Amino acid sequence: MRPKGTAAELERRRRRAVELLERGETPAMVARILGVTPTSLHRWRRMGRQTDGLVAKPASGAKRRLSSAQLAELERLLSKGATAHGFPNELWTAARVAKIILRHFGVPYHHAYVRRLLRRRLHWTSHKPQRRARPRNDKEVERWKADEFPRILREAYRRRAHIAFLDESGFMLQPLVRRTLAPRGKRVVMRCSAKHDRVSAISCVTLSPKAMHVGLYSALYRNRNVHGEEVVEFLTHLTHKVPGEWTVVWDGNNIHSKSKVVKTWLAQHSKVVVEDFPSYDPQNNPDEWVWSGAKYGTLCNLCPADLEELFKSVLQALEELKHQPSLLASFVLDAGVPLCL
């Protein structure tokens, strides 16, 4: 049976064996050094007397069941999307690709091998798809990013205004469970509170008119939903903390521009201009990454005993994030906003 290793390694071992035998070493000693049988040594010595007799040919392996042309055709088929082949969504799984291969080429593959085939020969890898709301208007989002967003930045630059990307979120006593390491077959149990207490939060990622200064401001509320009154309270705190012109960019939630109390407050504060993100487009708000980093990063697998422990944990997570300006800057850059207005 051919020993394990590449053809180059096998050839090097053969030449080394013949060299040692010609020096007068005993076959038993050489076989023990190289980890082969004396029979192989004698065969290699006979092969060495022929021209290129010791050259090892790469193992051919099993014949490929899909040719290069068929793989190119498979990639073309997959590029049409899963729904074009009758599947209910655009997600490609190994089992679905195996069905396509069987349907078009008559070759049955196990789904585990299909994964390896896609990775090695088509350079496809696994991805975690982004969620996107069905009512989202992609054309409107692109128009907003191309026209409205640059206008907002230009007007803020002319006014020398700070920009605040504002959003709200909530944290429950029930943890967002990720994963843990444990011995095989051992059941891992997390003891969690069954209460429905929560911490509501409001925050904003801010960008200074001065070059490359990114900040984070937040407010937390125990067992309270955020309404227009809380938004006004937060805006008041923000404008007192950093006086001057402000441009606040937020989504079209009813507690924002549509709230009567917020409208009244804005009418009394002419230095604060508000702009709306397009509907169902949280990805363009840098503040969305604040909640994602806190919930799925710092606070995942957290099992607080009570509301007070949850409040302190959320507060600590936001404080830690506040002192990571490079990370906050990455949130802003991901939304396509230049750090220097």
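Located above this text is the structure these notes cover.
Everything numeric here is computed off the predicted structure, so don't read it as measured data. (Residues numbered from 1 in each chain as written. Predicted model: local features only at pLDDT ≥ 70, side-chain atom pairs only at ≥ 80, totals over all residues. Heavy atoms only, no water.)

Draft legend 1. Fine view of unusual backbone geometry. Here the phi dihedral of N223 falls at roughly 50°; this positive angle occurs in a residue that is not glycine. When you line up the elements, N223 lands in the loop between β3 (214-222) and α8 (228-241). Classification of N223 by relative accessible area gives partly exposed; the value is 35%. The phi dihedral of N301 is positive, around 65°, even though this residue is not glycine. (Helix = DSSP H or I, 4+ residues; strand = E, 2+ residues; numbered from the N terminus. Buried < 20%, exposed > 50% of the residue type's maximum accessible area, 1.4 Å probe, protein only.)

Draft legend 2. Here's a closer look at the nonpolar core. One finds F171, V290 and V337 to be the most contacted residues of the largest nonpolar core, which totals 35 residues. Looking at this core, the elements with two or more residues in it are α7 (138-159), β1 (162-172), β2 (198-207), β3, α10 (286-298), α11 (307-322) and α12 (325-334). Take this core: its biggest share by element is seven residues, from α11. For V337, the contacting residues outside a window of four places in its chain are F149, L153, F165, L207 and V332. (Core = buried A, V, L, I, M, F, W, Y, C linked by side-chain atoms within 4.5 Å. Contact = heavy atoms within 4.5 Å.)

Draft legend 3. Representation of the side chain of S200 in the model. Of note, S200 is situated in strand β2. By relative accessible area, which is 5% here, S200 ends up buried. Among the polar contacts made by the side chain of S200, one reaches the main-chain carbonyl oxygen of R224 at a distance of 2.4 Å. In contact with S200, not counting residues within four places along its chain, are S169, G170, A219, L220, Y221, R224, N225 and V226. (Polar contact = N/O pair within 3.5 Å; in protein donor to acceptor, adjacent residues only side chain to side chain.)

Draft legend 4. Spatial organisation of helix α3 (residues 38-48). Among the residues of α3, those classed as buried are S40, L41, W44 and M47. Projection of α3 onto a plane perpendicular to its axis shows the buried side chains occupying an angular sector of 125°, all on one side. Packing partners of the buried residues in α3 comprise α1 (7-22) and α2 (27-34). (Arc of directions from axis to C-beta.)

Draft legend 5. The arrangement of the packing of aromatic side chains in detail. A full pass over the atoms with the stated rule returns seven aromatic pairs. Pairing F87 with W92 gives two aromatic rings, centres 5.9 Å apart and planes at 75°, and the pair type is edge-to-face. For the ring pair W144 and F149, a centre distance of 4.8 Å and an interplane angle of 25° mean the geometry is stacked. We classify W144 as buried; its relative accessible area is 4%. (Phe/Tyr/Trp six-rings, centres within 6.5 Å; stacked < 30°, edge-to-face > 60°.)

Honestly, it's all geometry; don't read function into it.
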